[in-house]
Amino acid sequence: AQTVTQSQPEMSVQEAETVTLSCTYDTSESDYYLFWYKQPPSRQMILVIRQEAYKQQNATENRFSVNFQKAAKSFSLKISDSQLGDAAMYFCAYERGYGGSQGNLIFGKGTKLSVKP
Amino acid sequence: DGGITQSPKYLFRKEGQNVTLSCEQNLNHDAMYWYRQDPGQGLRLIYYSQIVNDFQKGDIAEGYSVSREKKESFPLTVTSAQKNPTAFYLCASSMVGGRETQYFGPGTRLLVL
């Protein structure tokens, strides 16, 4: 079974600085998708970024970028120029790319990010 | 505005009672999902539906039931068989089941009296 591990329960960053959140996953599949979701205090899950495993190029979305290392099964999120509004729980998620369980997201336990002014 | 709505925002359940959580979407998405979130945990999949009148169990389906009679609606019933129902419940939808990003509703907080 696939698993997702986020080894940093809490992280802190100074406003305008850069922070990297770690995520590793375990799978025997070659085709899959990876996501980072943000959960602010309102608790609504918001998509931050998505990566297809077959793409070697790392996904980027404005100040958010990932470092996808397929062989190492690592998928870290880098937040540049951190803003106060970035403070939230961040969840890494894995989705199978084929087979009957498509659409099943497997989540890590999350990293709580604090941003200091 | 297109989106996903969940109601109620808070729900209280008495012992032995069944309660139903509502999830509606106007995004014209085919697939819908229910997740449960416990404190300090990530989300876990309860049920999902890739098409009307069809649904599959997720990882923690015991004590829950669903229906999918309409494309835009996917209600979740928490039955009396679910012995530890206190949690935050999130509904999501995607264009199709798999390979598409899931978008989430605002959630329902269920508490047991």
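The preceding data block contains the structure.
Definitions and limits used
Residues numbered from 1 in each chain as written. Chains lettered and ligands numbered in written order. Predicted model: local features only at pLDDT ≥ 70, side-chain atom pairs only at ≥ 80, totals over all residues. Heavy atoms only, no water. Helix = DSSP H or I, 4+ residues; strand = E, 2+ residues; numbered from the N terminus. Rg over C-alpha atoms; globule rule 2.2 N^0.38 Å. Buried < 20%, exposed > 50% of the residue type's maximum accessible area, 1.4 Å probe, protein only. Contact = heavy atoms within 4.5 Å. Areas by Shrake-Rupley, 256 points an atom, 1.4 Å probe, with all protein chains shown as cover. Lys, Arg positive; Asp, Glu negative; His and termini not counted. Charge placed at Lys NZ, Arg CZ, Asp CG, Glu CD. Phe/Tyr/Trp six-rings, centres within 6.5 Å; stacked < 30°, edge-to-face > 60°. Lys NZ or Arg CZ within 6 Å of the ring centre and 35° of its normal. Salt bridge = Lys/Arg side-chain N within 4 Å of Asp/Glu carboxyl O. Core = buried A, V, L, I, M, F, W, Y, C linked by side-chain atoms within 4.5 Å.

A. View of the overall build of chain B. What chain B contains, in helices and strands, is zero helices and 11 strands. When the helices and strands of chain B are placed in sequence order, the string is β-β-β-β-β-β-β-β-β-β-β. Its C-alpha radius of gyration of 13 Å places chain B within 12% of the 13 Å reference for a compact globule of 113 residues. Considered along the principal axes of its C-alpha atoms, chain B spans approximately 35 × 25 × 25 Å. Burial status across chain B gives 50% buried among its 113 residues. Pairs at least 24 residues apart make up 54% of the contacts formed inside chain B by residues separated by at least 6 positions. Entry remark: accessible area of chain B is about 5,400 Å², with carbon and sulfur atoms responsible for 48%. Charge separation in chain B, taken as the distance between the mean sites of 12 positive and 11 negative side-chain charges, equals 6 Å.

B. Representation of the packing of aromatic side chains in the model. Per the counting criterion, the structure on display carries 15 aromatic pairs over all chains. Between the aromatic rings of B:Tyr35 and B:Phe104, the centroid separation amounts to 5.6 Å while the plane-to-plane angle is 40 degrees, which identifies the pairing as tilted. Of this pair, B:Tyr35 sits in strand S4 (residues 31-37) while B:Phe104 is found in strand S10 (residues 103-104), placing the two residues 69 residues apart along the sequence. Assigned by exposure class, B:Tyr35 and B:Phe104 land together as buried. Among the aromatic residues, those joined into a ring-pair cluster are A:Phe35, A:Tyr37, A:Phe91, A:Phe107, B:Tyr33, B:Tyr35, B:Tyr48 and B:Phe104. Positioned above the aromatic ring of B:Phe88 is the side chain of A:Arg43, whose terminal nitrogen or guanidinium carbon lies 4.0 Å from the ring centre.

C. Region of interest: the pattern of salt bridges. For the coordinates displayed, the defined rule picks out seven salt bridges over all chains. A salt bridge links B:Asp38 to B:Arg44, with the shortest nitrogen-to-oxygen separation between them at 2.7 Å. The class for B:Asp38 is buried, based on a relative accessible area of 13%. Among the charged side chains, a salt-bridge network with shared partners connects A:Arg50, A:Glu52 and A:Lys55.

D. Just the nonpolar core, in detail. A:Tyr25, A:Trp36, A:Phe75, A:Leu77 and A:Tyr90 are the most contacted members of the largest nonpolar core, which totals 25 residues. Looking at this core, the elements that each hand over two or more residues are strand S3 (19-21), strand S5 (32-39), strand S6 (46-52), strand S8 (64-69), strand S9 (74-79), strand S10 (88-96) and strand S12 (111-116) of chain A. Considering every element that reaches this core, the biggest residue donor is S10(A), with four residues. When sequence neighbours within four positions are dropped, the list of residues in contact with A:Tyr25 reads A:Thr3, A:Val4, A:Tyr32, A:Leu34, A:Phe68, A:Gln69, A:Lys70, A:Lys73, A:Ser74, A:Phe75 and A:Tyr94. In terms of nonpolar packing, the next biggest core, distinct from the first, is built from 20 residues, B:Ile4, B:Leu21, B:Ile60 and B:Val78 among them.

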